[in-house]
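For reference, the chains in residue letters:
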Amino acid sequence: NFFFGSYEGYRQTSQATLVPVVPTPLLLNAVPGGPAFGNLQQLMKAFYPAPDPGFSPTALVAPLHVVVQQDNNRNAFIVRDDAHVSSKDTISSRVIFNRASGSPGVILSTGLVGGNNGFGWQTLNPQVTWTRLISNSMVNEARFTYNRTALSVNFDTPPSAVVSLGYSPDALEANSVPTVTFTGTGLTQIGWGATPQARHVNVFEWTDTLTKTVGRW
């Protein structure tokens, strides 16, 4: 028998400085609130942190410098085994497994808590091959392969003040924080701004190859 195994890991830890635009107290106090207006004022006050100091007292929006974490982790495994089960038969098998994950903010980040998207990625690829020596001039190889790919998106948790308003901290729930944009203001949006999604792909493959060498007996 022949046996082989390998592992490869990758870890990336990085930070990025972003500058979202947030409302000033002047704007927040002018926004209507209450149930009749979808509690917009309450949501904005709970979602947005205060801007950097030094903005104009008449400004409606102002910048906020933040540092966000953008991590990326990957793991890869390969295992293979070749076995001679008889003088004419060999069975080979191998499995490749990969998994990667990125923290919220790697794919999309507004710079504000509750506005960051990460990812998940995974592949599983086993394969089995049976090689049969039929004669000195003829060999048959049968191979079965399966490949499964899974993709997903993850989200960070909104501020606790937003959750206390009745919004779910889980982006997959129906009552999660809505995406609210303010066209023409420069104001950074509320919410994640991406649709929760996942995708799984399964591929099955069977091949059979018969090889004959002419002129050899």
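For the structure given in this document, a descriptive report is provided here.

Quick notes on the rules
- Residues numbered from 1 in each chain as written.
- Predicted model: local features only at pLDDT ≥ 70, side-chain atom pairs only at ≥ 80, totals over all residues.
- Heavy atoms only, no water.
- Phe/Tyr/Trp six-rings, centres within 6.5 Å; stacked < 30°, edge-to-face > 60°.
- Helix = DSSP H or I, 4+ residues; strand = E, 2+ residues; numbered from the N terminus.
- Buried < 20%, exposed > 50% of the residue type's maximum accessible area, 1.4 Å probe, protein only.
- Polar contact = N/O pair within 3.5 Å; in protein donor to acceptor, adjacent residues only side chain to side chain.
- Contact = heavy atoms within 4.5 Å.
- Patch = residues over 30% accessible without salt bridge, like charges linked within 9 Å, V, L, I, M, F, W, Y side chains within 5 Å.
- Areas by Shrake-Rupley, 256 points an atom, 1.4 Å probe, with all protein chains shown as cover.
- Salt bridge = Lys/Arg side-chain N within 4 Å of Asp/Glu carboxyl O.
- Core = buried A, V, L, I, M, F, W, Y, C linked by side-chain atoms within 4.5 Å.

Comments concerning the packing of aromatic side chains
In the structure shown here, the tally under the stated rule is 5 aromatic pairs. Relative to Phe77, the ring of Tyr7 has its centre 4.8 Å away and its plane inclined at 40°; by these criteria the two rings are tilted. Of this pair, Tyr7 sits in strand 1 (residues 2-18) while Phe77 sits in strand 4 (residues 66-84); the two residues are 70 residues apart in sequence, bridging distant segments of the chain. Taking relative accessible area as the criterion, Tyr7 reaches 47% and is therefore assigned partly exposed. One aromatic cluster is present, formed by Tyr7, Phe77 and Phe97 through successive ring pairs.

A look at the side chain of Asn116
Structurally, Asn116 can be placed in strand 7 (residues 116-135). In terms of polar contacts, Asn116 uses its side chain to reach the side chain of Ser109, at 2.4 Å. Excluding residues that lie within four positions of it along the chain, Asn116 makes contacts with Pro104, Gly105, Leu108, Ser109, Thr110, Gly111, Asn154, Phe155, Asp156 and Trp192.

Some remarks on a nonpolar patch on the surface
On the surface, a cluster of nonpolar side chains totalling about 330 Å² of accessible area is made up of Phe3, Val79, Val95 and Leu124. Mapping Leu124 onto the fold places it in strand 7.

Description of the nonpolar core
Residues Met44, Tyr48, Val162, Phe182 and Ile190 are the most contacted members of the largest nonpolar core, which totals 24 residues. Among the elements that line this core, the one with the most residues is helix 2 (residues 40-47), at 4 residues.

Looking at helix 2
What helix 2 keeps buried is the set Gln41, Leu43, Met44, Ala46 and Phe47. Buried-residue contacts for helix 2 involve strand 2 (21-23), helix 1 (25-30) and helix 3 (160-163).

A look at the environment of Gly191
With respect to the secondary-structure elements, Gly191 resides in the loop between helix 3 and strand 9 (198-212). With near-sequence residues (within four places) excluded, Gly191 lies in contact with Phe47, Thr110, Gly114, Gly115, Val177 and Pro178.

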